[in-house]
Amino acid sequence: MRPEIMEGILRHIQAIHGTERVKLLEIAPGHAKLSVEVLPDTLNFYGNAHGGFLFSLCDIASGMSAYALERTNVTQCSSINFLRAVNTGTIYVEANAIHKGRKTTVNQVTISDEKEQLLVTAAFTMFMGDAI
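Each value, and the rule that gives it
- Residues numbered from 1 in each chain as written.
- Predicted model: local features only at pLDDT ≥ 70, side-chain atom pairs only at ≥ 80, totals over all residues.
- Heavy atoms only, no water.
- Helix = DSSP H or I, 4+ residues; strand = E, 2+ residues; numbered from the N terminus.
- Expected span 1.5 Å × (residues − 1).
- Buried < 20%, exposed > 50% of the residue type's maximum accessible area, 1.4 Å probe, protein only.
- Core = buried A, V, L, I, M, F, W, Y, C linked by side-chain atoms within 4.5 Å.
- Contact = heavy atoms within 4.5 Å.
- Axes fitted to C-alpha atoms, helices over the stretch in contact; angles between N-to-C directions.
- Parallel < 35°, antiparallel > 145°, perpendicular 65-115°, else oblique.
- Nonpolar A, V, L, I, M, F, W, Y, C, P; charged D, E, K, R; others polar.

(A) Focus on helix H2 (residues 51–67). Relative to the 24 Å expected for 17 residues at 1.5 Å per residue, H2 spans 24 Å between its end C-alpha atoms, a close match to the ideal helical length. Where burial is concerned, most of H2 is hidden: 13 out of the 17 residues are buried.

Below, the structure is given as structure tokens:
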């Protein structure tokens, strides 16, 4: 992968508080896998990972997988389902393109825990911009 593409991909991680701990595990055109440790600064009032934090992780992974297609992109539409709470440990966020069109890419995004339990499932439509 070209260095400027990898630099752009890594910039996605720096967008939201708490994401400085995100580790990029895998990246390929239309695919990204990240890990992050859930710590107290990402918990909500009830002691679980904040839904906004989990959503942001999905959005970051989706953007990275689309950016790896060597096109700028922004989120056009998204939907998320929170299936199970998490309050500690490492979580894994994986985005995979299930449709690549001329102007949009649709990504299926999941978050799972260390036991491979599904915590979150989401769909993101990314509006594709200019070639990088």
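Alright, that's what it looks like, and here's the rest.
(B) Spotlight on the nonpolar core. Membership of the largest hydrophobic core comes to 31 residues, with the highest contact counts inside it found for Leu-54, Leu-57, Ile-91 and Ile-111. Among the elements of the structure, helix H1 (3–13), strand S2 (31–38), H2, strand S4 (89–100), strand S5 (104–112) and strand S6 (118–131) are those that each provide at least two residues to this core. Here this core takes nine residues from H2, the largest share from any one element. When sequence neighbours within four positions are dropped, the list of residues in contact with Ile-111 reads Leu-54, Cys-58, Ile-91, Tyr-92, Val-93, Gln-117, Leu-118, Leu-119 and Val-120.

(C) Here's a closer look at the packing of H1 against H2. Look at H1 against H2: their axes get within 9 Å of each other, and the N-to-C directions meet at 170°. Compared by their axis directions, H1 and H2 come out roughly antiparallel. Mapping the contact onto sequence places Glu-4, Ile-5, Gly-8, Ile-9, Arg-11, His-12 and Ile-13 in H1 and Ile-60, Gly-63, Met-64 and Tyr-67 in H2. Residue classes in the contact of H1 with H2 are distributed as six nonpolar, three polar and two charged.

On their own, these measurements won't tell you what the molecule is for.
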